[in-house]
Amino acid sequence: MKEINKDEIDITTRLPGLMYLDGTFTNNVQNAFQDKVGVDSSVLTSVAFGRAVFTANFFISLNSYEEQTLAKHEIKNLFGQRSLIRIRTSESPYRCYYVRPGVFTLSSIAPGNNDMQFSIPFDVPSGFAYSLKRSDEITEDEMDFGMNDVVDLGSFKSTANTFTINNLSSIAIDPYFQKHDLNIAINSDGPITITNKTNNTSWSYKSDIAFSDSLLIRGIVTYRNGVVDTMNTDFGFIKLEKGLNEILVTGSNNHSITFSFPFIYL
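Residues numbered from 1 in each chain as written. Predicted model: local features only at pLDDT ≥ 70, side-chain atom pairs only at ≥ 80, totals over all residues. Heavy atoms only, no water.

1. Quick word on the domain arrangement of the protein
Split into domains, the protein comes out as domain 1 (2-127) and domain 2 (135-265). Measuring from the centre of the C-alpha atoms in domain 1 to the corresponding centre in domain 2 gives 33 Å. At the junction of the two partners, domain 1 supplies six residues and domain 2 supplies nine residues. At the boundary of domain 1 with domain 2, total buried surface from both sides reaches about 590 Å², with 52% on carbon and sulfur atoms. Summed over the three residues of domain 1 that lose the most area to domain 2, namely Phe 49, Tyr 94 and Arg 95, the buried surface amounts to 80% of that side. Along the contact surface separating domain 1 from domain 2 lie zero salt bridges. The interface formed by domain 1 and domain 2 contains zero residue pairs in polar contact (both at pLDDT 80 or more). Split by residue class, the side of domain 1 that touches domain 2 holds four nonpolar, one polar and one charged. (Domains from an automatic or database assignment. Contact = heavy atoms within 4.5 Å. Buried area = accessible area lost by both parts, 1.4 Å probe. Salt bridge = Lys/Arg side-chain N within 4 Å of Asp/Glu carboxyl O. Polar contact = N/O pair within 3.5 Å; in protein donor to acceptor, adjacent residues only side chain to side chain. Nonpolar A, V, L, I, M, F, W, Y, C, P; charged D, E, K, R; others polar.)

If you want it as structure tokens, here you go:
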């Protein structure tokens, strides 16, 4: 687990005798329907992924009542945080969740026995699991089973006018309507337009710019050298569909573009 601005810790080293057994991630698909009086069937109007739950199951072996009391105190200290914490497991070390612990009970497995077996339900406000590393940092060896890995992960940085971006997520990356995390870093010698031909979303920067300048599209906000500069764009955005996305760059023949985002999993 990892708290904000702190180093990651292995809780089994913090609590000798603690064993992680397994975990279950339960999605929360929210379908909205519209009904019309006297007409059969309902019309689907929207689909959203609400707060999910990751339930982690543990066992801890203890030798005395005093050890059990101290273990209860330490477990509550570990997970009793107000801010989100990042957790990942030994069964899927390259997939993580940003969570808040819910209500859980710590008690002996039987009267007179000091060992405890317990479950902690973690609320996952985003509704998703994420890759531990972002697309431009991850390697083939840092993909768990079930993360839609392919033979060739591909590159997320390009200087070409046409290239592909492979979104290995379970869903599309949509920074506009769904507020998903997507950063696009750009260096360009002059105005530039980026188009995703797979879904026809696009973004254009209209002002003069040198290659030494740094553009960053963070979601739907554009920064130039660290200063908000969305006014010099066409207020467009780039959405990445699940799988391969064909990217077209126009207006510039000297550029470098990097797509950076965590893969999202259900």
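Further notes follow.
2. Some thoughts on the packing of aromatic side chains
By the definition in use, this model includes 16 aromatic pairs. A ring pair is formed by Phe 25 and Tyr 97, whose centres lie 5.0 Å apart and whose planes are at 50°; its orientation type is tilted. Of this pair, Phe 25 sits in strand E1 (residues 18-26) while Tyr 97 sits in strand E6 (residues 95-101), and the two are 72 residues apart along the sequence. This pair shows no difference in class: Phe 25 is buried, exactly as Tyr 97 is. Aromatic side chains Phe 156 and Phe 263 sit 6.1 Å apart centroid to centroid with 55° between the ring planes, which places their arrangement in the tilted category. With Phe 156 in the loop between strand E8 (129-134) and strand E9 (157-158) and Phe 263 in strand E19 (residues 262-265), this residue pair connects regions lying 107 residues apart in the sequence. Phe 263 sits in the buried class, given a relative accessible area of 0%. Counting every residue linked through ring pairs, the aromatic cluster contains Phe 49, Tyr 98, Phe 128 and Tyr 130. One cation-aromatic arrangement involves Arg 95 over Tyr 265; the distance from NZ or CZ to the ring centre is 5.2 Å. (Phe/Tyr/Trp six-rings, centres within 6.5 Å; stacked < 30°, edge-to-face > 60°. Helix = DSSP H or I, 4+ residues; strand = E, 2+ residues; numbered from the N terminus. Buried < 20%, exposed > 50% of the residue type's maximum accessible area, 1.4 Å probe, protein only. Lys NZ or Arg CZ within 6 Å of the ring centre and 35° of its normal.)

3. Regarding the sheet that holds E9
The antiparallel open sheet is built from six strands, whose spatial order is E9-E18-E11-E14-E15-E16. Edge positions in the sheet fall to E9 and strand E16 (227-228), since each has one partner strand and no second. Pairing between strand E11 (residues 183-188) and strand E18 (residues 255-260): six bridges, direction antiparallel. Bridged to Ser 188 within E18 is His 255. (Pairing = 2+ DSSP bridges.)

4. Digging into helix H2 (residues 65-79)
End to end, H2 covers 21 Å across 15 residues, agreeing with the expected 21 Å (1.5 Å per residue, within 8%). Within the sequence span of H2, burial applies to Gln 68, Ala 71, Glu 74, Ile 75, Leu 78 and Phe 79. One side of H2 carries all its buried residues, which in axial view fall inside an arc of 130°. Of the residues in H2, the exposed ones pointing more than 90 degrees away from the buried face are Tyr 65, Glu 66, Leu 70 and Lys 76. Buried residues in H2 make contact with helix H1 (11-14), strand E4 (52-60), strand E5 (85-87), E6 and strand E7 (116-124). (Expected span 1.5 Å × (residues − 1). Arc of directions from axis to C-beta.)

5. Observations regarding the sheet that holds strand E17 (residues 243-250)
Strand order in this open sheet of four strands is E10-E17-E12-E13, and the pairing throughout is antiparallel. The sheet terminates laterally at strand E10 (162-167) and strand E13 (201-205), the two strands that pair on one side only. If you compare each strand with its neighbour and ignore which way they point, the axes differ by 20° on average. Here strand E12 (residues 192-196) pairs with E17 via four bridges, running antiparallel. Note that in E17 the partner of Thr 193 across the bridge is Thr 250. (Axes fitted to C-alpha atoms, helices over the stretch in contact; angles between N-to-C directions.)

6. Some points on the pattern of salt bridges
Evaluated as defined, the whole model comprises ten salt bridges. Among the salt bridges present, the one from Glu 8 reaches Arg 86, with a minimum N-O distance of 3.0 Å. Here Arg 86 lies in strand E5 and Glu 8 lies in the segment before H1, a separation of 78 residues in the sequence. Given the relative accessible area of 33%, Glu 8 is considered partly exposed. Residues Arg 224 and Asp 213 are paired through a salt bridge, measuring 3.1 Å at the closest nitrogen-oxygen approach. Of the two residues, Arg 224 is situated in strand E15 (residues 221-224) and Asp 213 in the loop between E13 and strand E14 (215-218); the sequence distance between them amounts to eleven residues. Classification of Asp 213 by relative accessible area gives buried; the value is 14%. Counted as one network, the salt bridges with shared partners bring together Glu 8, Arg 86 and Arg 88.

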